Amino acid sequence: MKPLTLYLENQTTKPLFIPYIMAGAQGLEHLSEEIEMLAKSGATAIELGIPFSDPVADGPIIQEAGLNAFKHQVTLKKIIAVLQDYRSPVPLILMGYSNSFFHYGVKKLVDDLKDCHVQGVIIPDLPYEHRDLVLPELGDIALIQLVSLTSPSERIDTLVKEAEGFIYAVTINGTTGVNKTYQQNLTEHLKEIKEKSAIPVLAGFGISKAEHVRRFAQCCDGVVVGSKIVHSLQVDGLTKTQELIGELLR
């Protein structure tokens, strides 16, 4: 079992809470203090976005954050350089697109991350059937699987069978964002994933209110919150974002 799975399963505080931020959106010089704030606010682990030119799964808020990161000349190489000089208080998960990882080199990436407390990667445009393009090189780093709303029961069986870290249960059809409308059968869909999964299941996409967190905590092990936090960091800064997280988790 991968270290990230063991870590999440041993957490006594529930629901599990994984915030997403775009690495370098405010400048990489602020990344460590953003991580520290999120950890103090109750983050179980933290998802770090890698800016990419064609982020197909990202809504407008995260796309804008990616553009801001590009303005700060952020690259995956620079993100890793920052992480190599910093010890995160909680596990980190890199979220990026295939080209970023393949261009860097998966083996080199894993070698460079060995002391960075990165325990997982999410690659939303890498089909399950192509996971062997990266899996043999990842070692103890978990390749986190997304399960979409359109996945039928047979597909869910396949996706969760060899999943690592946690299952990322996507709660909407479309891109990330806030003020999303959830389907009526969503709870039943999430319960099915939870029943079939031997590892933690976290709901993500569109989660922006305390009522969302409470709702999904009833049928999943926790939540991933991205756009709401990304927007708050950009507009309101660290202190207000910490207050926002307190409201989400109350």
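Residues numbered from 1 in each chain as written. Predicted model: local features only at pLDDT ≥ 70, side-chain atom pairs only at ≥ 80, totals over all residues. Heavy atoms only, no water.

## Topic: the UniProt feature "active site" (unreviewed entry) in the chain
To keep things clear, this is the line we draw: UniProt positions are given in the numbering used here, feature names are shortened, and annotations may be inferred rather than shown by experiment. Working definition: helices are DSSP H or I runs of at least four residues, strands are E runs of at least two. Numbering for both runs from the N terminus. Burial here depends on accessible area, computed with a 1.4 Å probe over protein chains only, as a share of the maximum for the residue type. Under 20% is buried, over 50% is exposed, and the range in between is partly exposed. It only takes one pair of heavy atoms within 4.5 Å for two residues to be counted as in contact.
The positions UniProt marks with the feature "active site" (unreviewed entry) are Glu-47 and Asp-58. Relative to the assigned elements, Glu-47 resides in strand S2 (residues 46-49). The class of Glu-47 is buried, set by a relative accessible area of 3%. Residue contacts for Glu-47: discarding those within four places in its chain leaves Ile-18, Pro-19, Tyr-20, Ile-21, Ile-93, Met-95, Ile-122, Tyr-168 and Val-224. Along the chain, the position of Asp-58 falls in the loop between S2 and helix H3 (60-71). Of the residues examined, Asp-58 reaches a relative accessible area of 5% and is grouped as buried.

## Brief notes about the environment of Ile-35
With respect to the element layout, Ile-35 can be found in helix H2 (residues 31-40). Sequence separation of Ile-35 and Val-90 is 55 residues, and the distance between their C-alpha atoms is 8.6 Å. Not counting residues up to four positions away in its chain, the partners in contact with Ile-35 are Ile-46, Leu-48, Leu-83, Tyr-86, Ser-88, Pro-89 and Leu-92.

## Some points on the nonpolar core
A general trend in soluble globular proteins is that nonpolar side chains are found buried together. The cut-off we apply is this: Residues belong to a common nonpolar core when they are buried Ala, Val, Leu, Ile, Met, Phe, Trp, Tyr or Cys residues joined through side-chain atoms within 4.5 Å.
Membership of the largest hydrophobic core comes to 93 residues, with the highest contact counts inside it found for Leu-48, Leu-83, Leu-94 and Phe-166. The element that contributes the greatest number of residues to this core is strand S1 (residues 16-22), accounting for 6 residues. With near-sequence residues (within four places) excluded, Leu-94 lies in contact with Leu-48, Ile-50, Leu-76, Leu-83, Phe-101, Leu-113, Val-118, Gly-120, Val-121 and Ile-122.

## What about the side chain of Asp-221?
Selection rule: The term polar contact refers here to a pair of N or O atoms within 3.5 Å; inside protein, the definition further demands a hydrogen-donor-capable atom paired with an acceptor-capable atom, and it admits residues adjacent in sequence only when both atoms are side-chain atoms.
Within the secondary structure layout, Asp-221 lies in the loop between helix H10 (210-217) and strand S9 (222-225). The class of Asp-221 is buried, set by a relative accessible area of 16%. Among the polar contacts listed, one links the side chain of Asp-221 to the backbone nitrogen of Val-201, at a separation of 2.8 Å.

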